[in-house]
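Fold and geometry: a report
Residue strings, one per chain:
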Amino acid sequence: IADNAINSEHYTDGSIDTAHIADNQITLAKLAGGTDGNIISYDASGDPVAIATGNDGQVLTSTGAGSPPAFEDAAGGGAYTLIGTAVASNSASLTVTGLDSTYDTFAIAISDIDAASAAVAAHLQFGDSSGVDVGSADYCYHGPNSNVAGASYGGAANNADPFIKLHGEIGNSTGDMFGAMLFLHRPGDGVGVPTISGTTVATKNVLGTQESKGGFVFGARLAVITLDRVLFKLASGNITSGRMTVWGIAHA
């Protein structure tokens, strides 16, 4: 069989008795040339067909029984779309950019934060294309919390601070950590001020015993901005390790 002699058409010149071709003897070199990116499949009659090459980023999708597959745009990834993630490595802060008017609500996950300094507070700030807003009285917040060691409640509140305080005291002993799950309740170009709410938790080693302290927090930047970024930092010292991730939440 000459190279490039086997294709999706029947071999009709009568020069070869195909019944006597042993299994596994047809090599790639014997197949007819085709189009780069095409895939061989079968049609409803069982005959071989070439599936046309799709566009960059498309996926091969079943079109049902009796029909060859086709390259199509990938289905949506669900309600949450990743905007960005920032991983700490002895970092002064974590910033995620790319928030815009595509989504009306954003989810912010702050995970497994290990503080370099002891007894430090966790702060959140917003910003626009000019940078992060650090005005001395630009944020307000309220954050009641409780400790597993007691039934009483504490908290922090301020209506004119340079940040939203998420948690008042994070330890840096072995096993100490901080985490939060927050929601930003407006698009980047929203008419209201950037407002968040969510929950926080931290563990801290106290005299050899690990204690957990958590609560909820809500707060806002006190003026409207075309928001495109969010920043997490500690009141002092670096973030040894941990992560902040932001997703846009679709309404449909």
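Note that the structure is a prediction, hence the values are computed from the model and not measured.

1. As for the overall build of the protein chain
Helix and strand content of the protein chain: zero helices and 17 strands. Against the 2.2 N^0.38 benchmark of 18 Å for 252 residues, the protein chain shows a C-alpha radius of gyration of 29 Å, more extended than a compact globule. In the protein chain, which comprises 252 residues, the proportion classed as buried is 31%. Sequence separation of at least 24 residues holds for 68% of the intrachain contacts in the protein chain that already meet a minimum separation of 6.

2. A word on the nonpolar core
Core analysis: the biggest nonpolar cluster contains 36 residues, and Ile-110, Leu-124, Phe-126, Leu-166, Phe-178 and Phe-232 have the highest contact counts within it. At five residues, strand β7 (residues 105–115) tops the list of elements feeding residues into this core. Each residue touching Phe-126, except ones within four places of it in the same chain, is listed here: Val-132, Asp-133, Tyr-139, Ile-164, Leu-184, Pro-194, Ile-196, Arg-221, Ile-225, Leu-227, Arg-229 and Val-230.

3. Remarks on the pattern of salt bridges
This model, assessed by the stated rule, comprises two salt bridges. The salt bridge partner of Arg-221 is Asp-133, with a shortest N-O separation of 2.4 Å. With Arg-221 in strand β15 (residues 209–221) and Asp-133 in the loop between β9 (131–132) and β10 (139–147), this pair connects stretches of sequence that are 88 residues apart. The two residues Arg-221 and Asp-133 agree in class, both being buried. As a salt-bridge pair, Arg-229 and Asp-228 come within 2.8 Å of each other at their nearest N and O atoms.

4. Details of the environment of Gly-37
Secondary-structure assignment places Gly-37 in the segment before β1 (39–42). Given a relative accessible area of 35%, Gly-37 falls into the partly exposed group. Here the alpha-carbon distance between Gly-37 and Ala-92, two residues 55 residues apart in the chain, equals 47 Å.

5. Digging into unusual backbone geometry
When glycine is set aside, most residues are seen to have a negative phi, and most peptide bonds are trans. Of note, Asn-90 is a non-glycine position whose phi angle comes to about 55°, a positive value. Among the secondary structure elements, Asn-90 is positioned in strand β5 (residues 80–91). Here the phi dihedral of Ala-119 falls at roughly 55°; this positive angle occurs in a residue that is not glycine. Positionally, Ala-119 belongs in the loop between β7 and β8 (120–128).

Conventions used here
- Per-chain numbering applies: the sequence of each chain, read as written, is numbered from 1 onward.
- Restriction of local features to residues with pLDDT of at least 70 applies here, the model being predicted, together with a cutoff of 80 or more for giving and counting side-chain atom pairs; totals for whole chains, interfaces and linings are based on all residues.
- Heavy atoms throughout the structure, all of them, feed into the side-chain values; hydrogens and water do not.
- Only DSSP runs of H or I reaching four residues or more are called helices, and only runs of E reaching two or more are called strands; each is numbered from the N terminus.
- Throughout, the radius of gyration refers to the C-alpha atoms, and the reference size of a globule is 2.2 Å times the residue count to the power 0.38.
- A 1.4 Å probe rolled over the protein chains alone gives each residue an accessible area, and that area as a share of the maximum for its type sets the label: buried under 20%, exposed over 50%, partly exposed in between.
- Two residues qualify as a contact provided that any one of their heavy atoms is within 4.5 Å of a heavy atom in the partner residue.
- Definition of nonpolar core: a set of buried residues of the types Ala, Val, Leu, Ile, Met, Phe, Trp, Tyr and Cys, connected through side-chain atoms within 4.5 Å.
- A carboxyl oxygen of Asp or Glu within 4 Å of a side-chain nitrogen of Lys or Arg is what we treat as a salt bridge.

What is shown is where atoms sit, not what they do.
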